[in-house]
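The primary structure of each chain is shown beneath.
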Amino acid sequence: MRALRLTAWGAPPAPAEVERPAPRGAEVLVRVEATGLCHSDLHVMGAVPGALPYRLPFTLGHEVAGRIAALGSDAGGVRAGDRVVLYGPWGCGACDRCATGRDNYCDRRDTLAWHGAGLGRDGGMAEYVLVPSARQLVPIDDLPADQAAPLSDAGLTSYHAVAGVRHALGKGTTTAVIGVGGLGHLAVQILRATTGSRVLAVDVREDALALADRSGADFGTLVRADTAGVLRARTGGAGVDAVLDFVGTTQTLELAAGVLRPGGELAVVGSGGGRLTVSKPGVLPPGFKLSLPFWGTRPELAEVVALARSGAIHVETERFPLSAAPEAIDRLRRGRVRGRAVLVP
Ligand code: NAD
Ligand code: ZN
Ligand code: ZN
């Protein structure tokens, strides 16, 4: 089968012919219908040797939807022909986090949870992907594959980040979303669908602000010298209740800290490598709360799929055949993708 493999750190992935895996034991083989291209794929490809605990080579693609093609002899709970989305964080399955569906916070992250399809193990940028067990699958029924695949990370991670700050939101509150790309445009929709908070969007691209507007944001602004002032003015000077930062550079972290009201909450999702200095006294507002949400839980993935099936959220996608993955990767790197790029084998 065809696959897009990462063979060297810092080098572009290479198309390859590899053997189609055969499921054994509890394993399930999924025929891939669509795989999302995530900004994290760029971080993975561009990592310096030793930075990530993955062994090369492996097939990229951690945002996958498809149809079950075959089951190992001990696999249960699903049937050949079922359409599914992959739950990406593969925990140990045994610790109390995994037992409650929170594989994203598995205690054994050193050995297991950082490994999943497309993250150290062969992923979905291929015709087929092998998953360790039906635990990693959530049914999607008739949801189109290019809608379903991005839910497994862009949708789930955004949903989990919103869930983390939801207690602080409601009517009369304001949330700022920084970075309205694959994740951010879904975060705007999820905020609108589940919290009642007003949404202010921030990006460096006009077309991302147009996407924020289509996604239901109340206001959008480009990053410039006085973005914090512009956002504050939108809250009558008080500041925002929560910021979801899908960029995570020092510039965006400082913008977030500068725009939060007392007791405000910052959730950093973006892996931009920025730094924020914590000191008391200091520039952070009193009551400031910080979280670093990672991916999401299995029950949350089912909730995101239900939201999409109800029509409450819609992924804006640009489709590419798997053979055009290099072009899609190049466009994502240059900030030219609107919403989510989806690869179709
Ligand atoms: P994306 O490229 O689709 O979107 C990023 C958006 O941010 C783009 O619209 C871009 O124009 C905008 N942007 C870039 N620099 C900016 C700046 N300085 N200020 C404001 N906006 C800016 O990326 P994505 O796939 O949505 O991923 C977003 C980030 O989240 C990445 O860093 C990714 O690695 C990370 N991520 C984290 C998790 C997690 O579990 N924590 C999961 C998935 C992705
Ligand atoms: Zn991702
Ligand atoms: Zn675990």
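Throughout what follows, the structure given in this document is the object of discussion. Note that the coordinates shown come from a computational prediction; the quantities given were computed from them, not determined experimentally.

## Here we look at the pairing of strand β5 (residues 64-71)
Pairing geometry for strand β3 (residues 28-37) and β5, over 7 bridges, is antiparallel. Among the inter-strand pairings, Val30 is bridged to a residue of β5, identified as Ile68. As defined by bridge partners, β5 adjoins strand β6 (residues 83-86) across 3 bridges and the pair is classed as antiparallel. Bridge pairing links Gly66 to Val84 in β6.

## Remarks on the site of ligand 1
In the neighbourhood of ligand 1, 29 residues make up the surrounding shell, with His39, Ser40, Asp203, Trp295 and Arg340 lying closest. Measuring from an oxygen atom of ligand 1, one finds a side-chain N or O atom of His43 at 3.2 Å. A distance of 2.9 Å separates an oxygen atom of ligand 1 from a polar atom in the backbone of Gly182. The set of elements that each furnish at least two residues to the shell around ligand 1 consists of α1 (39-45), α4 (145-165) and α8 (250-259). Here the shell around ligand 1 takes 3 residues from α1, the largest share from any one element. Considering only residue class, the shell around ligand 1 consists of 14 nonpolar, 11 polar and 4 charged. Counting only domains with at least three residues in the shell around ligand 1, you end up with domain 1 (2-139 + 315-344) and domain 2 (158-291).

## What to know about the coordination of the zinc ion (ligand 2)
Looking at the metal site, the zinc ion (ligand 2) is ligated by Cys38 (SG), His62 (NE2) and Asp153 (OD), spaced 1.7 to 2.3 Å from it. Spacing between the donor residues of the zinc ion (ligand 2) along the chain follows C-x23-H-x90-D. Taken together, the residues Cys38 in the loop between β3 and α1 and His62 in the loop between β4 (58-59) and β5 connect sequence positions 24 residues apart. Exposure remark for Cys38: the relative accessible area of 3% places this residue in the buried category.

Rules used throughout
- Residues numbered from 1 in each chain as written.
- Chains lettered and ligands numbered in written order.
- Predicted model: local features only at pLDDT ≥ 70, side-chain atom pairs only at ≥ 80, totals over all residues.
- Heavy atoms only, no water.
- Pairing = 2+ DSSP bridges.
- Helix = DSSP H or I, 4+ residues; strand = E, 2+ residues; numbered from the N terminus.
- Near = heavy atom within 4 Å.
- Polar contact = N/O pair within 3.5 Å; in protein donor to acceptor, adjacent residues only side chain to side chain.
- Nonpolar A, V, L, I, M, F, W, Y, C, P; charged D, E, K, R; others polar.
- Domains from an automatic or database assignment.
- Donors = N, O, S within 2.8 Å, 3.2 Å for Na, K, Ca; no water.
- Buried < 20%, exposed > 50% of the residue type's maximum accessible area, 1.4 Å probe, protein only.

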